[in-house]
Each structure stands twice: as C-alpha cells, then as structure tokens.
Amino acid sequence: MPNHLLIYAIVIMNALCQLMLIWSLKALGKTRITFMALATALPLMSAVIMRGLVATGLIHGRLAEQSQLEHLLTQAMGILLIAGPWLVTAAAVLYRRNRKIRECSMA
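Here goes a summary of the coordinates provided.

What counts, and at which threshold
Residues numbered from 1 in each chain as written. Predicted model: local features only at pLDDT ≥ 70, side-chain atom pairs only at ≥ 80, totals over all residues. Heavy atoms only, no water. Helix = DSSP H or I, 4+ residues; strand = E, 2+ residues; numbered from the N terminus. Expected span 1.5 Å × (residues − 1). Buried < 20%, exposed > 50% of the residue type's maximum accessible area, 1.4 Å probe, protein only. Arc of directions from axis to C-beta. Contact = heavy atoms within 4.5 Å. Salt bridge = Lys/Arg side-chain N within 4 Å of Asp/Glu carboxyl O. 1 Å grid on protein atoms, 1.4 Å probe; cavity = no way out; pocket = protein on both sides within 12 Å on 5 of 7 lines; lining within 4 Å. Points joined across faces, edges and corners; volume = space filled by probe spheres on them. Nonpolar A, V, L, I, M, F, W, Y, C, P; charged D, E, K, R; others polar. Phe/Tyr/Trp six-rings, centres within 6.5 Å; stacked < 30°, edge-to-face > 60°. Lys NZ or Arg CZ within 6 Å of the ring centre and 35° of its normal.

Digging into helix 1 (residues 3–23)
In an α-helix, one full turn covers 3.6 residues, which means residues spaced three or four apart are oriented alike. End to end, helix 1 covers 30 Å across 21 residues, agreeing with the expected 30 Å (1.5 Å per residue, within 8%). Of all the positions in helix 1, only Val11, Asn14, Ala15, Gln18, Leu19 and Ile22 are classed as buried. An end-on view of helix 1 places all buried positions within 140 degrees of arc, on one side of the element. Along helix 1, exposed side chains directed more than 90 degrees from the buried face belong to Ile12 and Met20. Buried positions along helix 1 lie against helix 2 (31–56) and helix 3 (68–106).

What follows is the structure in structure tokens.
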C-alpha cells in the first residue's frame, strides 16, 4: 500500500476516534453534532487544500523541491491533519465543562 494511502488511513482512524469521544459527551446535546462536523471538516479540508495546491502547481509535490515557505505550509497542514480533531475534542470538553459550571452557578 502506498505511503500516502497509509497516511490517510491513519488520519481517518484518528478522526473516527475523536468522533467517538465527542459522541460520548451526552451533556452537549445538539451542539455535539457541530463539534463532530468540525472534527471531520478540519482534516478533510486541509487534505483537499493541499492536494489542490499541489495539483495546480503552487506547491511542489516533493519535499526536496519545496521552498522554505512551502515546507512550513506543508508542515502546518500536516499538523492540522492529526491535531485538528484533537483540538475540536478538547474544545468540546471545555465547552461542556464551562456549560456545567454555568448551570451550577445558576442553581
């Protein structure tokens, strides 16, 4: 199996794990669908954007041929592929925690 397919498999499994974690946050109610959509959209959009930039020739497909700016952009998008769903999960947990604190202070 080619490396780029293995990377996408890892990204998909990571996103699925984060979706399960967000789904388990029952206290979020309907807001968890929004968080789940964000956790899915971040890696998907970053992969589509990078593939589009490489396909149009704005960024070289091979790392050895990339300039420093292209390399930084590639690194940032690679980090977003993996860390995006994690960040959304952390935001969902913090949102739930903040919501619980607000509900307790009102009572």
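After presenting the structure, the write-up continues.
Considerations on the pattern of salt bridges
Across all of its chains, the model carries 1 salt bridge by this definition. The partner of Glu65 in a salt bridge is Arg62, and the shortest N-O contact between them spans 3.5 Å. Look at Arg62 and you get exposed, because its relative accessible area is 54%.

Topic: the layout of surface pockets
Of the voids in this model, the largest pocket is the one considered here, and its volume is about 510 Å³. In this structure, the largest pocket is lined by 21 residues; those nearest its centre are Tyr8, Met50, Arg51, Thr74 and Leu81. For the lining of the largest pocket, the secondary-structure elements that each account for two or more residues are helix 1, helix 2 and helix 3. By residue class, the composition of the lining of the largest pocket is 11 nonpolar, 9 polar and 1 charged. In this structure, the second largest pocket encloses a volume near 180 Å³. Lining the second largest pocket, in full, are Tyr8, Val11, Ile12, Ala15, Leu16, Leu19, Thr40, Pro43, Leu44, Ala47 and Leu81. Ranked by the residues each element gives to the lining of the second largest pocket, the list is headed by helix 1, at 6 residues.

Some thoughts on the packing of aromatic side chains
Applying the stated criterion across every chain, the model contains 1 aromatic pair. The interplanar angle of 55 degrees and the centroid separation of 5.6 Å between the aromatic rings of Phe35 and Tyr95 together place this pair among those described as tilted. Here the residue Phe35 occupies a position in helix 2, and Tyr95 occupies one in helix 3, the gap between them amounting to 60 residues. The exposure class assigned to Phe35 is buried, which follows from its relative accessible area of 12%. Sitting above the plane of the Trp23 ring, Arg32 keeps its charged end 3.9 Å from the centroid.

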